Amino acid sequence: MSRIRGFHAHVYFSAETFEQARILCEHASKLFTLKMGRMHTEPVGPHPDWSCQLAFRPAVFGELVPWLALNRGELVIFVHPITRNELADHRDHAIWMGEVRPLDLSTLNEGSTEYEL
């Protein structure tokens, strides 16, 4: 879909699952063309948990997302498209792997945000 410029996969973790998440994200960054963000050890933006962001283009979705589903263990992963409406992307177009977590949507707007992919 031409409206989708890319995707973010947010891997959620805790102090107990930090290493598992780090290994998963680093392994994904070696296997797929994506940009791995920092391992945030505090909630960032709308995310209620510690997280690491994987940013990728639509062409990678078909291989990466199934790989994450099979390799995430018990980690929760939140995937959303990047369109011109970050509120709708997080609220209406999201894919959850594992427990759905409550997002703080008050930090998002309905306008376009530029992301590096």
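Residues numbered from 1 in each chain as written. Predicted model: local features only at pLDDT ≥ 70, side-chain atom pairs only at ≥ 80, totals over all residues. Heavy atoms only, no water.

In the nomenclature of an unreviewed UniProt entry, the protein corresponds to 4,5-dioxygenase from the organism Pseudomonas grimontii.

Asker: Whenever I open this one, the overall build of the protein confuses me. Can you help?
Answerer: Per the secondary structure count, the protein includes 3 helices and 5 strands. The N-to-C order of helical and strand elements in the protein reads β-α-β-β-α-β-α-β. Dimensions of the protein, computed from C-alpha atoms along their principal axes, come out at roughly 35 × 30 × 20 Å. Each of the 117 residues in the protein was classed as buried or not, and the buried ones make up 42%. Considering only intrachain contacts with a sequence separation of at least 6, the fraction spanning at least 24 residues in the protein is 65%. Total accessible area on the protein is roughly 6,500 Å²; 52% of this is exposed by carbon and sulfur atoms. (Helix = DSSP H or I, 4+ residues; strand = E, 2+ residues; numbered from the N terminus. Buried < 20%, exposed > 50% of the residue type's maximum accessible area, 1.4 Å probe, protein only. Contact = heavy atoms within 4.5 Å. Areas by Shrake-Rupley, 256 points an atom, 1.4 Å probe, with all protein chains shown as cover.)

Asker: Can you walk me through the sheet that holds strand β4 (residues 76–82) in this structure?
Answerer: Sheet strands pair by backbone hydrogen bonding; their relative direction is either parallel or antiparallel. Within the open sheet, the 5 strands sit side by side as β2-β3-β1-β4-β5. Their pairing is antiparallel. A strand with exactly one partner marks an edge of an open sheet, and here the two such strands are β2 (35–40) and β5 (95–97). The mean inter-strand angle of the sheet, taken between neighbouring strand axes irrespective of direction, is 15°. As judged from the 3 bridges shared by β4 and β5, these two strands associate in the antiparallel manner. Within the sheet, the bridge partner assigned to F78 lies in β5 and is W96. The strands touched by helix α1 (residues 18–31) are β1 (6–13), β2, β3 (50–56) and β4; relative to β2, the strand with the most contacts, the crossing angle is about 170°. (Pairing = 2+ DSSP bridges. Axes fitted to C-alpha atoms, helices over the stretch in contact; angles between N-to-C directions.)

Asker: How should I be thinking about the packing of α1 against helix α2 (residues 58–71) in this particular structure?
Answerer: In helix packing, the relevant descriptors are the interaxial angle and the interaxial distance, both defined with respect to the helix axes. Contact geometry for α1 and α2: axes closest at 12 Å, N-to-C directions at 150°. What the angle tells us is that α1 and α2 run roughly antiparallel. The two elements α1 and α2 meet at a crossing, and its hand is right-handed. Here L24, H27, A28 and L31 of α1 lie close against α2, whose contacting residues are L64, W67, L68 and N71. Tallied by class, residues from the contact of α1 with α2 come to 6 nonpolar, 2 polar and no charged. (Parallel < 35°, antiparallel > 145°, perpendicular 65-115°, else oblique. Left-handed = near helix turned anticlockwise from the far one by under 90°. Nonpolar A, V, L, I, M, F, W, Y, C, P; charged D, E, K, R; others polar.)

Asker: Looking at this model, I keep getting lost on the nonpolar core. Mind explaining?
Answerer: General note: in soluble globular proteins, nonpolar side chains tend to be found buried as a group. By size, the foremost hydrophobic cluster in this structure holds 24 residues, and its most contacted members are V11, L54, F56, L64, L68, I77 and V79. Breaking this core down by element, the ones donating at least two residues are β1, α1, β3, α2 and β4. Residues contacting V79, with those up to four places away along its chain left out, are F7, H8, A9, F56, F61, V65, H93, A94, I95 and M97. (Core = buried A, V, L, I, M, F, W, Y, C linked by side-chain atoms within 4.5 Å.)

Asker: Help me understand the pattern of salt bridges in this model?
Answerer: Opposite charge on two side chains allows them to pair when their charged atoms are near. What the rule picks out here adds up to 5 salt bridges. Where E26 meets R22, a salt bridge forms, and the shortest distance between an N and an O atom there is 2.7 Å. Of this pair, E26 and R22 both sit in helix α1, 4 residues apart, which is roughly one turn of that helix. The partly exposed category is assigned to E26, whose relative accessible area is 30%. Taking the relative accessible area as the measure of exposure, R22 reaches 23% and is therefore partly exposed. The shortest N-O distance in the salt bridge between R101 and E99 comes to 3.7 Å. On the accessibility criterion, R101 (22% relative accessible area) is partly exposed. (Salt bridge = Lys/Arg side-chain N within 4 Å of Asp/Glu carboxyl O.)

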